[in-house]
Amino acid sequence: AQSVAQPEDQVNVAEGNPLTVKCTYSVSGNPYLFWYVQYPNRGLQFLLKYITGDNLVKGSYGFEAEFNKSQTSFHLKKPSALVSDSALYFCAVRDISGSARQLTFGSGTQLTVLP
Amino acid sequence: DGGITQSPKYLFRKEGQNVTLSCEQNLNHDAMYWYRQDPGQGLRLIYYSQIVNDFQKGDIAEGYSVSREKKESFPLTVTSAQKNPTAFYLCASSKAGRTDTQYFGPGTRLTVL
């Protein structure tokens, strides 16, 4: 079975400060990991993914995420937050060795960037 | 959201009625998915299809039905058997590979009156 945990329902950060949105995962094999962002009443937008290779993945809008196998984490980061980054963020995982093709999503983290 | 359209954006249904949500994609993707989103629960998979005329149940398929007669289309019917259908429904599509990214439509918000 595969699962994802986003331990923080809400993250607040001041504009210009670095931000981190946390994600930990559990899979029996090796993971494929994804980050999505959702603005109110909209669909999810893809930010970045980790498949293999470099543990630091760079994505859209200046976001990056670091894959840490020993800690089973895939935290989303950005060096300098913008008010427009305020949104709901989802981490998702798929087990590379599993037969299931579906993603398992975390419950989401609401990011608020304060001006 | 580009390439995947969902209609209608808002849908109201009386109890006991079946309703069908539309999902169309022009990305030439083989796989399509339906998710349900409830506040604080993330996304849960209802059904998915990897190829035309074939689909599989996800984690919460009870009370829902789908069809995949065309590669571009994957409509979802919410039946009267679904006990709590009020939710935000999201359609997604992807290529067939295991590492391929799912791309999402704009969603349909269904409210049961």
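Because the structure is predicted, anything quoted here is derived from the model rather than measured.

### Section: a nonpolar patch on the surface
Right, on to step 1. Taken together, the side chains of Tyr10(B), Phe12(B) and Leu113(B) make up a nonpolar region of the molecular surface, amounting to roughly 370 Å² of accessible area.
Right, on to step 2. Here Leu113(B) shows up in the segment after β11 (108-112).

### A look at the state of the cysteines
Right, on to step 1. By the definition in use, this model includes 2 disulfides over all chains.
Right, on to step 2. Covalent S-S linkage joins Cys23(A) and Cys91(A), the inter-sulfur distance amounting to 2.0 Å. With the S-S bond torsion at -60 degrees, the cross-link from Cys23(A) to Cys91(A) turns out left-handed. Here Cys23(A) is found in the loop between β3 (19-21) and β4 (24-26), whereas its partner Cys91(A) is found in strand β10 (residues 87-95), with 68 residues between them in sequence. Comparing Cys23(A) with Cys91(A) shows no difference in burial state: the two are buried.
Right, on to step 3. Each sulfur of the disulfide joining Cys23(B) and Cys91(B) lies 1.8 Å from the other. Looking along the S-S bond of the Cys23(B)-Cys91(B) disulfide, the torsion reads about -70 degrees, which is the left-handed sense. With Cys23(B) in strand β3 (residues 19-25) and Cys91(B) in strand β9 (residues 87-94), this pair connects stretches of sequence that are 68 residues apart.
Right, on to step 4. The exposure class assigned to Cys23(B) is buried, which follows from its relative accessible area of 1%.
Right, on to step 5. Judged by relative accessible area, which is 0%, Cys91(B) ranks as buried.

### Some points on the layout of surface pockets
Right, on to step 1. In this structure, the largest pocket spans a volume of roughly 400 Å³.
Right, on to step 2. In terms of lining residues, the largest pocket is bounded by 24 residues, among which Gln38(A), Leu88(A), Gln37(B), Asp38(B) and Pro39(B) are the most central.
Right, on to step 3. Elements with a contribution of two residues or more to the lining of the largest pocket: β10 of chain A together with β9 and β11 of chain B.

Cut-off values and rules
Residues numbered from 1 in each chain as written. Chains lettered and ligands numbered in written order. Predicted model: local features only at pLDDT ≥ 70, side-chain atom pairs only at ≥ 80, totals over all residues. Heavy atoms only, no water. Patch = residues over 30% accessible without salt bridge, like charges linked within 9 Å, V, L, I, M, F, W, Y side chains within 5 Å. Areas by Shrake-Rupley, 256 points an atom, 1.4 Å probe, with all protein chains shown as cover. Salt bridge = Lys/Arg side-chain N within 4 Å of Asp/Glu carboxyl O. Helix = DSSP H or I, 4+ residues; strand = E, 2+ residues; numbered from the N terminus. Disulfide = S-S within 2.5 Å. Buried < 20%, exposed > 50% of the residue type's maximum accessible area, 1.4 Å probe, protein only. 1 Å grid on protein atoms, 1.4 Å probe; cavity = no way out; pocket = protein on both sides within 12 Å on 5 of 7 lines; lining within 4 Å. Points joined across faces, edges and corners; volume = space filled by probe spheres on them.

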